[in-house]
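# Overview (structure and organization)
Here is what each chain is made of, one letter per residue.
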Amino acid sequence: MTRDQMFAHLRAADAVAREAMAHGHHPFGAVLVGPDGRILMRQGNISTVRHAETELARRAAEAYPPEFLWTCTLVTTGEPCAMCAGTLYWANIGRLVYGFEESSLLALTGDHP
């Protein structure tokens, strides 16, 4: 994946995050990109325990074999939490790209419960 493709997919994930926010959810979004560079799935945040990344990884694991998922990239707006990172691992998704680090989110939101 080239730098330009990463930015294009990050913009797609951001559009998903904005749609999630428009529906009253936290503004996080993720896309699953196949080895050919096409977006295969999109997922926005649903709740505080149903994050965009975990929901997308679960759906992908049900839809595709592990051998294929190892060739895919999950592109997400923010650095995945521990729960999401573990789910990506167990779903066999081979690569991760994220737009900002968790420390940047903390700086923007402060001590948010």
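Higher on the page you've got the structure.
The rules we used
- Residues numbered from 1 in each chain as written.
- Predicted model: local features only at pLDDT ≥ 70, side-chain atom pairs only at ≥ 80, totals over all residues.
- Heavy atoms only, no water.
- Axes fitted to C-alpha atoms, helices over the stretch in contact; angles between N-to-C directions.
- Helix = DSSP H or I, 4+ residues; strand = E, 2+ residues; numbered from the N terminus.
- Parallel < 35°, antiparallel > 145°, perpendicular 65-115°, else oblique.
- Left-handed = near helix turned anticlockwise from the far one by under 90°.
- Contact = heavy atoms within 4.5 Å.
- Nonpolar A, V, L, I, M, F, W, Y, C, P; charged D, E, K, R; others polar.
- Expected span 1.5 Å × (residues − 1).
- Salt bridge = Lys/Arg side-chain N within 4 Å of Asp/Glu carboxyl O.
- Buried < 20%, exposed > 50% of the residue type's maximum accessible area, 1.4 Å probe, protein only.
- Pairing = 2+ DSSP bridges.

## Details of the packing of helix H2 (residues 52-63) against helix H4 (residues 82-90)
In contact at an axis separation of 8 Å, H2 and H4 are set at 15° when each is read in the N-to-C sense. Of the possible angle classes, the one that applies to H2 and H4 is roughly parallel. Of the two elements, H2 crosses H4, and the hand of that crossing is left-handed. Here Glu53, Thr54, Ala57 and Arg58 of H2 lie close against H4, whose contacting residues are Met83, Cys84, Thr87 and Leu88. Counted by class, the contact of H2 with H4 contains 4 nonpolar, 2 polar and 2 charged residues.

## A few points about helix H1 (residues 3-22)
The end-to-end C-alpha distance of H1, which contains 20 residues, comes to 29 Å, matching closely the 28 Å that a straight helix rising 1.5 Å per residue would cover. The elements touched by buried residues of H1 are strand E1 (29-33), strand E2 (39-44), strand E3 (73-78) and strand E4 (95-100).

## Digging into the pattern of salt bridges
What the rule picks out here adds up to 4 salt bridges. Across the salt bridge formed by Asp14 and Arg18, the nearest N and O atoms sit 2.7 Å from each other. Of this pair, Asp14 and Arg18 both sit in helix H1, 4 residues apart, which is roughly one turn of that helix. With a relative accessible area of 53%, Arg18 lands in the exposed category. Between Asp36 and Arg38 there is a salt bridge whose closest N-O contact spans 2.9 Å. Like Arg38, Asp36 is exposed.

## Some remarks on the sheet that holds E2
Taken together, 4 strands build an open sheet; the order of strands is E2-E1-E3-E4 and the sheet is mixed. Two strands in the sheet have a free side with no partner beyond their single neighbour: E2 and E4. Neighbour-to-neighbour, the strand axes of the sheet open up by a mean angle of 15°, direction not taken into account. Across 5 bridges, E1 lies against E2 in antiparallel orientation. What sits directly across from Gly29, in E2, is Gly44. The sheet contacts of H1 involve E1, E2, E3 and E4, and relative to E1 the element is tilted by about 140°.

## Quick look at unusual backbone geometry
In terms of backbone geometry, most residues other than glycine have negative phi values and most peptide bonds are trans. Positive phi, close to 70°, is recorded for Asn92, a residue that is not glycine. Summarising the element assignment, Asn92 is placed in the loop between H4 and E4.

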